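Letter by letter, the chains look like this.
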Amino acid sequence: MYKQWQSDTIPWIQIVFSILGMLISLFYIFLFIRIKKLHKSPGDVYLGMSIAEFLFSLHLFLSPFQPENQVVCGINTIMFMISIVLIYTYTIQLYIHMVLRLIYTLKSKKISKWKGHAFAITISIIYTLAIYLEYSFCSSTPKEYLPFTNIILLFSFYMVSITSIVYIIREIEENPKIQQSAQGFKRYIITLFTAQATMASIYQLGVISIYILYSVDSKKDQKSIKILVYITWSVCITLPIIFPLIRYKDPFLLKRVSEHFQGKRQEKGSKQLSLIEKNDILDGIEAATFNRMSSLDSRPLIEGLLDKRNSLDESKSRSQTKTIKQKNTSINEVPFIQQLTSQIRSQIMKRILAFIITQEKDKQKLMTNKDYKKITRQGKNNLFDEQSIFTIDANNLAVMFPQPFCDAQFSDKVFNMTSHAPHVFNILTQEDLESQNIIQSLDLIKNDDQIQKCAQTSGGKSGEFFFFNYDNRLLLKTISTQELKVLISILQNYFWHLTKYPETTLAKILGIYTFDGFEVGSLSLILMKNLGKISSKAYVRIYDLKGSSYDRQVIKKKGSKSEDFEDDQQKISQVLKDMDFLNFEKTIHINPVQGEKLYKQLEEDTLFLRQQGLMDYSLCVIKVNWFEYYQDKHNASYENLQEIKSTMNLEMIETIVQAQVSKLLHVYQSIIEDGVYYHIGIIDYLQLYNAQKVMEKYAKKIMKLNSKLDTSSQNPIKYRQRFLNFIKQIL
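Model, not experiment: these values are computed from the prediction.

Q: Run through the overall build of the protein chain, naming residues and quoting values.
A: Within the protein chain, the secondary structure is distributed over 25 helices and 13 strands. Residues counted as buried form 49% of the 731 residues belonging to the protein chain. Across the protein chain, every contact between residues at least 6 apart in sequence was considered, and the portion connecting residues at least 24 apart equals 79%. For the protein chain, the computed accessible surface area is about 36200 Å², with 58% contributed by carbon and sulfur atoms.

Structural data, given as structure tokens:
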């Protein structure tokens, strides 16, 4: 394309612009390498765009010096084609990613950034090679592929970008809380789209027009062709400069870059301040510990608690310093799409809780019927297939729950909740030995902090989304469509098993719900009892045990043995696995009589799961220091150490703990550690042994070249046998 006008233009203009474009692209690549916070989306997408723009600028730089060599010409043109397609694919990916973050707000779906990069690169290479093998690039005459391919690129860009921007702006307008902080992002995204649409349209339409004029009569329209060539050339040399400069106006990117160049002096100051804060925290804990312990009479207990306290001082000071840092974090620390996602997630959780509370209040009215329990106890099949549908619009939600929805925008948007087998789950709730009060536990005002906290999270490792209520006794968890089908299919057997064994170790499900009309589309959740039953601050360690040895170790340390972990009270935030348990604990230290009773119940529960064709479940063991938690809670209620000295009473705290624990199922006191209890139960038990699990098992064996590899995935019979063997070993 360049041959026709190259002699009539000033080559150094193109060279200067191309060098400038390469420098701007390299600058962002440098920032991406230096600033770890840019590794999050959209920073990684911007990296792909910068690399594509660098290749495009390099092509422009080499073009004026291009010799009459078909090989060199071909390489340079391939670089041009790849860079153009990469720019388009990454631009489309940027818009798609924004929308997917909103759509998958609560769904069990992870967005893989590496798949996005692989897709962009693969499409660019395939597209370029397909055209290169079919046509000659180095001819001065445009080929017939140009109109078709350019129209496809332009149409796909407009379709994705316009749809995405309309969707994002609509969500912003429906969330008044963030409209003020959204102004900068709205200006940025509209400016970026305007520049991209303008330059893409001029370039693509210019190329198509040149092709048409050539097809009609190139000799008659030399002047028109020359003008069009100059216009498209102008777009080409300015594109790698204009696009990156606009991207630097992204509030998230702008803040990261500003911090990098202005934060050196501030970073040094903050480190000094952080050190002072840390020393203050440590000194305060040590003083409180010394004064508290010096006033006690029971010397052996004092020494034991003091040893435990000292071992935790360092970890506590780190967590408190981290909390101080998090509280001072500005909302601009995260990309705006993440802020919007958090706001949407918060609104969705409020609606979900409001729906469930509304249903529970209806159930209470229904329970006034004395014959209700007798009727449903007949076990009619239609009760297990029953569905109750609740429909509430946004206006009514604001009327029914005025305080939680006081900042919601009034609209006629309608939300639906389908409650599966509500009568069945009502019986399970009413007969639960731990006396669940769902209305009180899910109260919107009491759970306000939990709603805000869950709005900042993106789900567990599995991609499922979790919500823990304010007293940590209940949780809501998203489930996949497959898991919903499994649960509905086994519901009748599940009900009768829980009825026969009221002290089941299965984490009891208290409700199944499907929601429609939300920003995330259709969404299914289960309401279930949480094994924790106390603030997570009291957790020492959490273990997920399957009885398998392959890939079942989180903390890997060469030559590590149980002696390497002398401090049993060292808190670890990660969820640990089987090999970690053998290294850290070796045994669940509970009363042998309780252990035998627990094992018999586990036999019954796993037999039920085997009969349903289920596997891949886990025994969740949470090690909790109840005594220390209530001791800290007691101390926090006093303003100075003297009051603590005069009022501290270990026996009183022990009484409180015993009163709380006595109401709970499968909470066992440690026989070797004072104040420590094990919370035990079976979780994640909705996985069928299907073709996918069979393939997973054999794929791992092939990859490791080991036919006897003890993978987690096994048929239900073998899975249960291995699971129980491991439990017997540690009990």
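Q: Can you lay out the packing of aromatic side chains for me, pointing to particular residues and giving the numbers?
A: Each aromatic ring pair is summarised here by two numbers: the centre-to-centre distance and the angle between the ring planes. Within the structure shown, the criterion is met by 24 aromatic pairs. Judged by centre distance (5.7 Å) and plane angle (35°), the rings of Phe56 and Phe80 are tilted. You can see Phe56 sitting in helix α3 (residues 43-62) and its partner Phe80 sitting in helix α4 (residues 70-103), a full 24 residues away along the chain. Accessibility classification places Phe56 together with Phe80 in one group, the buried group. Look at Phe515 and Phe518: their rings are 5.6 Å apart centre to centre, the planes differ by 15°, and that puts the pair in the stacked class. Each of the two residues, Phe515 as well as Phe518, counts as buried. Taken together, the ring pairs connect Phe355, Phe415, Tyr513, Phe515 and Phe518 into an aromatic cluster.

Q: Any details on the sheet that holds strand β7 (residues 539-545)? Residues and values, ideally.
A: In spatial order, the strands read β8-β7-β10-β12-β11; together these five strands make up an open sheet with mixed pairing. A single partner strand is all that each edge strand has here, and the edge strands are β8 (575-576) and β11 (667-669). Direction of pairing for β7 relative to β8: parallel, over a ladder of two bridges. Its bridge partner lying in β8, Tyr543 is registered against Leu576. Relative to the sheet, helix α20 (residues 592-611) contacts β10 (618-625), β11 and β12 (676-683), its axis offset from that of β12 by approximately 15°. Packing of helix α23 (residues 650-661) onto the sheet brings it into contact with β11 and β12, and relative to β12 it is tilted by some 15°.

Q: Explain the pairing of strand β4 (residues 474-478) residue by residue, including any values.
A: In terms of burial, β4 is largely enclosed, as five of its five residues are buried. Taking every second residue as pointing to the same face, both faces of β4 are buried, with Leu474, Leu476 and Thr478 on one and Leu475 and Lys477 on the other. Judged from the three bridges that link them, strand β3 (residues 466-468) and β4 form a sheet pairing that is antiparallel. Paired with Phe466 across the two strands is Lys477, which belongs to β4. If you look at the hairpin formed by β3 and β4, you'll find five residues sitting between the two strands, and Asn472 has a positive phi there, around 65°. As paired elements, β4 and strand β6 (residues 521-529) share five bridges and run antiparallel to each other. By the bridge assignment for β6, Leu474 is matched with Lys529.

Q: Lay out helix α2 (residues 11-34) in plain terms, naming residues and giving numbers.
A: Taking 1.5 Å of rise per residue, the 24 residues of α2 would be expected to cover 34 Å, and the 35 Å separating its terminal C-alpha atoms lies within 8% of that figure. Of all the residues in α2, the buried ones are Gln14, Ile15, Ser18, Gly21, Met22, Ile24, Ser25, Tyr28, Ile29, Leu31 and Phe32.

Q: Pulling in residues and values, what's your account of the sheet that holds strand β1 (residues 387-393)?
A: Here six strands make up an open sheet; going across it, the order is β1-β2-β5-β6-β4-β3 and the pairing antiparallel. The sheet terminates laterally at β1 and β3, the two strands that pair on one side only. Averaged over all pairs of adjacent strands, the angle between strand axes in this sheet comes to 20°, irrespective of strand direction. Of the strand pairs in this sheet, strand β2 (residues 414-420) and strand β5 (residues 509-518) are connected by five bridges, and their pairing is antiparallel. By the bridge assignment for β5, Met417 is matched with Phe515. Against the sheet, helix α18 (residues 481-500) touches β2, β5 and β6, its axis set at about 150° to β5.

Q: Please set out unusual backbone geometry residue by residue, giving values where relevant.
A: Despite not being glycine, Asn472 shows a phi value in the positive range, around 65°. Locating Asn472 in the fold gives a position in the loop between β3 and β4. Positioned with a positive phi, Lys533 is a non-glycine residue whose angle comes to about 60°. Locating Lys533 in the fold gives a position in the loop between β6 and β7.

Q: Account for the pattern of salt bridges, naming residues and giving values.
A: Oppositely charged side chains can form a pair if their charged atoms are brought close together. For the coordinates displayed, the defined rule picks out 14 salt bridges. A salt bridge links Asp684 to Lys477; its shortest N-O distance comes to 3.1 Å. With Asp684 in the loop between β12 and β13 (687-688) and Lys477 in strand β4, this pair connects stretches of sequence that are 207 residues apart. Glu585 serves as the salt-bridge partner of Arg541, at 2.9 Å between the closest nitrogen and oxygen. In this pair, Arg541 is assigned in strand β7 and Glu585 in the loop between α19 (578-584) and α20, connecting sequence segments 44 residues apart. One exposure class covers both Arg541 and Glu585, and it is buried. Linked through salt bridges whose partners overlap, the residues forming this network are Asp432, Glu434, Lys508, Lys529 and Lys533.

Q: Explain the packing of α3 against helix α8 (residues 222-247) to me, and be specific about the residues and the numbers.
A: Between α3 and α8, the least distance of the axes is 9 Å, while the angle of their chain directions is 155°. By the angle class used here, α3 and α8 are roughly antiparallel. Regarding α3 and α8, the two cross each other, and that crossing is left-handed. In this structure, α3 uses Tyr46, Met49, Ser50, Glu53, Phe56, Ser57 and Leu60 to contact α8, whose residues at the interface are Cys236, Ile237, Pro240, Phe243, Pro244 and Arg247. Its residues placed into classes, the contact of α3 with α8 shows nine nonpolar, two polar and two charged.

Each value, and the rule that gives it
- Residues numbered from 1 in each chain as written.
- Predicted model: local features only at pLDDT ≥ 70, side-chain atom pairs only at ≥ 80, totals over all residues.
- Heavy atoms only, no water.
- Helix = DSSP H or I, 4+ residues; strand = E, 2+ residues; numbered from the N terminus.
- Buried < 20%, exposed > 50% of the residue type's maximum accessible area, 1.4 Å probe, protein only.
- Contact = heavy atoms within 4.5 Å.
- Areas by Shrake-Rupley, 256 points an atom, 1.4 Å probe, with all protein chains shown as cover.
- Phe/Tyr/Trp six-rings, centres within 6.5 Å; stacked < 30°, edge-to-face > 60°.
- Pairing = 2+ DSSP bridges.
- Axes fitted to C-alpha atoms, helices over the stretch in contact; angles between N-to-C directions.
- Expected span 1.5 Å × (residues − 1).
- Salt bridge = Lys/Arg side-chain N within 4 Å of Asp/Glu carboxyl O.
- Parallel < 35°, antiparallel > 145°, perpendicular 65-115°, else oblique.
- Left-handed = near helix turned anticlockwise from the far one by under 90°.
- Nonpolar A, V, L, I, M, F, W, Y, C, P; charged D, E, K, R; others polar.

Keep in mind these values describe shape, not function.
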